[in-house]
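Residue-level structure breakdown
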Amino acid sequence: MDITDMAWPLDGTGISAFLRSLPARPLLLGLGEARHFVGELGEARNEVFRHLVEHEGYRSFAIESDCLMGLLVDEYVTTGAGTLDDVMERGFSHGFGKLPANRELVRWMRAYNEEHEEKIRFFGFDGPLEYWAASPRQALTGLRDLLAGPLADAVVTRETLDSLLGADDRWSNEATAMDPSQSIGRSEEALRLRLIADDLVALLETRAPRLSAEDLELAELYGRTAVGLLRYHHWMADASPARWSRLSALRDAMMAANLRAIAERGPALVYASNLHLQRDKTRMSFGDHTLEWWSAGAIVAAHLGDRYAFVASALGRTGDDVPSPDTIEGALSALPWDRSLIEARRLPEALPAPTPRASADFAYFPLNPAHLPATDGVLFLRQAVDLGSLPLT
């Protein structure tokens with residue numbers, strides 16, 4: 001079996017042909033990053049998204065970035081509020097606002113919406129966290145304010161909520177990442193806030209009919225985020241050996257909850273690390289430990305089935321790092337196109353026993369041959385030159 005029989009050039013014809021090869025039309029098409037901050041990969045993603053919007057009816061773009069910060073970007077692309085410079089600075093986490101490809105994407109989305117009545121949307125789907133987590137203030141106060149009235153006051157007054165939250169820097173203490181004793185996630189105030197968050201989410205369910213569609217969408221986001229952040233902070237205070245596997249799993253569960261909400265609004269392209277979007281269990285070295293957890297993609301796939309599709313990205317040559325011909329990346333480098341889209345599930349027919357790639361670039365996550373049966377496609381770049389900062393997963 002020749003690999004070219006299961007591959008297309010990465011252009012409009014190839015993208016549509018790949019979609020037709022899937023068992024069902026995906027509500028969420030996950031496009032993974034083998035390495036963050038690769039300029040050529042961001043440019044290829046933009047081309048894919050433009051084609052999906054203009055020819056395949058896709059209405060949303062979601063990126064591995066803070067879901068609350070992303071509200072600024074969505075408002076800009078849908079209404080024009082603010083400026084491009086401002087939303088690139090304040091609307092992205094993890095340093096993603098500095099990427100030229102992300103700036104070009106946001107600029108294009110705004111220009112598209114200026115010319116079309118049916119708007120396309122922008123979403124961050126990560127939680128407000130790095131390895132540590134932010135204060136739940138914005139989510140909790142935002143949810144309470146949307147539910148304002150006697151019933152919300154019966155759950156918690158604004159004054160009591162502010163008192164329990166205290167200073168934001170108590171929550172966003174970077175030292176808690178490595179020192180659980182510095183976390184306030186199991187303090188008396190945090191435990192009370194978890195109960196309050198639960199009661200506010202329950203109140204939202206009973207009050208949903210009185211909210212506009214826009215306010216309901218925002219309130220549900222605030223509710224998911226408040227509950228998820230307080231849960232994350234609780235386990236930041238855990239000192240057991242399972243701490244980081246649990247925290248990684250909780251983060252991806254927050255991502256998955258946001259993605260399922262996005263899927264309800266129509267087909268979306270999702271862009272994040274391969275590790276967050278793959279269907280297989282994620283394993284990652286972390287100091288002397290190996291962390292294991294189910295990714296956001298695996299969780300979403302458990303609910304959506306074939307309505308979730310995952311395309312892993314892979315790179316050929318990066319600087320002096322050249323894949324061996326007996327690896328997947330080495331074999332894909334022989335394709336006649338610089339950028340290709342491949343049916344991953346069929347690759348074992350042509351490559352029955354590839355050698356796993358050992359990349360000299362520690363920021364690059366090579367394709368795992370064992371993951372091909374659970375991967376729908378591979379977006380392959382024969383060479384990447386524009387390599388930016390180290391990745392944040």
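Computed from a predicted structure; not experimentally measured.

**Description of the pairing of strand β4 (residues 121-126)**
Sheet faces and side chains relate simply in a regular strand, where the side chains alternate between the two faces. For β4, a buried count of 5 out of 6 residues is recorded, marking the element as mostly surrounded by other parts of the structure. As judged from the 5 bridges shared by strand β3 (residues 60-66) and β4, these two strands associate in the parallel manner. Considered in β4, the bridge of Phe-61 is made with Phe-122.

**Overview of the nonpolar core**
One finds Leu-347 and Leu-379 to be the most contacted residues of the largest nonpolar core, which totals 82 residues. Those residues within four positions of Leu-347 in sequence are excluded, and the remaining contacts are Ile-3, Met-6, Ile-328, Leu-332, Ile-342, Leu-372 and Val-378. In this structure, Ile-196, Leu-200, Leu-204 and Ala-226 belong to the second largest nonpolar core, which totals 27 residues.

**Topic: the domain arrangement of the protein chain**
Domain boundaries in the protein chain define domain 1 (3-128 + 256-384) and domain 2 (136-244). Computed over C-alpha atoms, the centres of domain 1 and domain 2 are 30 Å apart. Residue-level contacts link 12 residues of domain 1 with 10 residues of domain 2. Interface area, domain 1 with domain 2, both sides summed: about 1000 Å², of which 67% is carbon and sulfur. The tally of links from domain 1 across to domain 2 stands at 2 salt bridges. Arg-265 is paired through a salt bridge with Glu-217; the nearest N and O atoms lie 3.0 Å apart. Linking domain 1 to domain 2 there are 3 residue pairs in polar contact (both at pLDDT 80 or more). Elements with a contribution of two residues or more to the side of domain 1 that touches domain 2: β4 and α11 (243-263). Per element, the largest residue contribution to the side of domain 1 that touches domain 2 is 3 residues, and it comes from α11.

**Comments concerning the pattern of salt bridges**
Using the criterion set out here, one finds 27 salt bridges in the structure. The closest approach of N and O atoms between Asp-376 and Arg-279, which form a salt bridge, is 2.8 Å. In this pair, Asp-376 sits in the loop between α15 (347-350) and β10 (377-384) while Arg-279 sits in the loop between α12 (274-277) and β6 (281-286), placing the two residues 97 residues apart along the sequence. A salt bridge links Arg-345 to Asp-376, with the nearest nitrogen and oxygen atoms 3.1 Å apart. With a gap of 31 residues between them, Arg-345 in the loop between β9 (339-343) and α15 and Asp-376 in the loop between α15 and β10 connect regions that are remote in the sequence. One connected set of salt bridges, linked through shared partners, spans Arg-137, Arg-144, Asp-145, Asp-153, Arg-158, Asp-162 and Asp-168.

**Re the packing of aromatic side chains**
Across all of its chains, the model carries 10 aromatic pairs by this definition. Ring centres 6.0 Å apart and planes at 40 degrees place the aromatic pair Phe-61 and Phe-122 in the tilted group. Of this pair, Phe-61 sits in strand β3 while Phe-122 sits in strand β4, and the two are 61 residues apart along the sequence. A relative accessible area of 0% places Phe-61 in the buried class. The buried category is assigned to Phe-122, whose relative accessible area is 2%. Ring centres of Phe-92 and Phe-122 lie 5.5 Å apart, and the angle between their planes is 70 degrees; on these two criteria the pair is classed as edge-to-face. Taken together, the residues Phe-92 in the loop between α4 (84-90) and α5 (100-115) and Phe-122 in strand β4 connect sequence positions 30 residues apart. No difference in accessibility class separates Phe-92 from Phe-122, as the two residues are buried. Taken together, the ring pairs connect Phe-49, Phe-61, Phe-92, Trp-108, Tyr-112 and Phe-122 into an aromatic cluster.

**Details of the side chain of Thr-225**
Positionally, Thr-225 belongs in helix α10 (residues 213-236). If sequence neighbours within four positions are ignored, Thr-225 has contacts with Cys-67, Leu-68, Pro-128, Ala-139 and Met-254.

**Description of the sheet that holds strand β1 (residues 7-9)**
Note: strands within a sheet are paired through backbone hydrogen bonds, in either parallel or antiparallel orientation. Read from one edge to the other, the open sheet built from 8 strands follows the order β1-β9-β10-β8-β2-β5-β3-β4, with strand pairing classed as mixed. Taken across any chain shown, the strands that pair with only one partner, and hence form the sheet edges, are β1 and β4. Neighbour to neighbour, the strand axes of the sheet diverge by 25 degrees on average, direction disregarded. Against the sheet, helix α3 (residues 70-79) touches β3 and β4, its axis set at about 170 degrees to β4.

Reading the values: rules and limits
Residues numbered from 1 in each chain as written. Predicted model: local features only at pLDDT ≥ 70, side-chain atom pairs only at ≥ 80, totals over all residues. Heavy atoms only, no water. Buried < 20%, exposed > 50% of the residue type's maximum accessible area, 1.4 Å probe, protein only. Helix = DSSP H or I, 4+ residues; strand = E, 2+ residues; numbered from the N terminus. Pairing = 2+ DSSP bridges. Core = buried A, V, L, I, M, F, W, Y, C linked by side-chain atoms within 4.5 Å. Contact = heavy atoms within 4.5 Å. Domains from an automatic or database assignment. Buried area = accessible area lost by both parts, 1.4 Å probe. Salt bridge = Lys/Arg side-chain N within 4 Å of Asp/Glu carboxyl O. Polar contact = N/O pair within 3.5 Å; in protein donor to acceptor, adjacent residues only side chain to side chain. Phe/Tyr/Trp six-rings, centres within 6.5 Å; stacked < 30°, edge-to-face > 60°. Axes fitted to C-alpha atoms, helices over the stretch in contact; angles between N-to-C directions.

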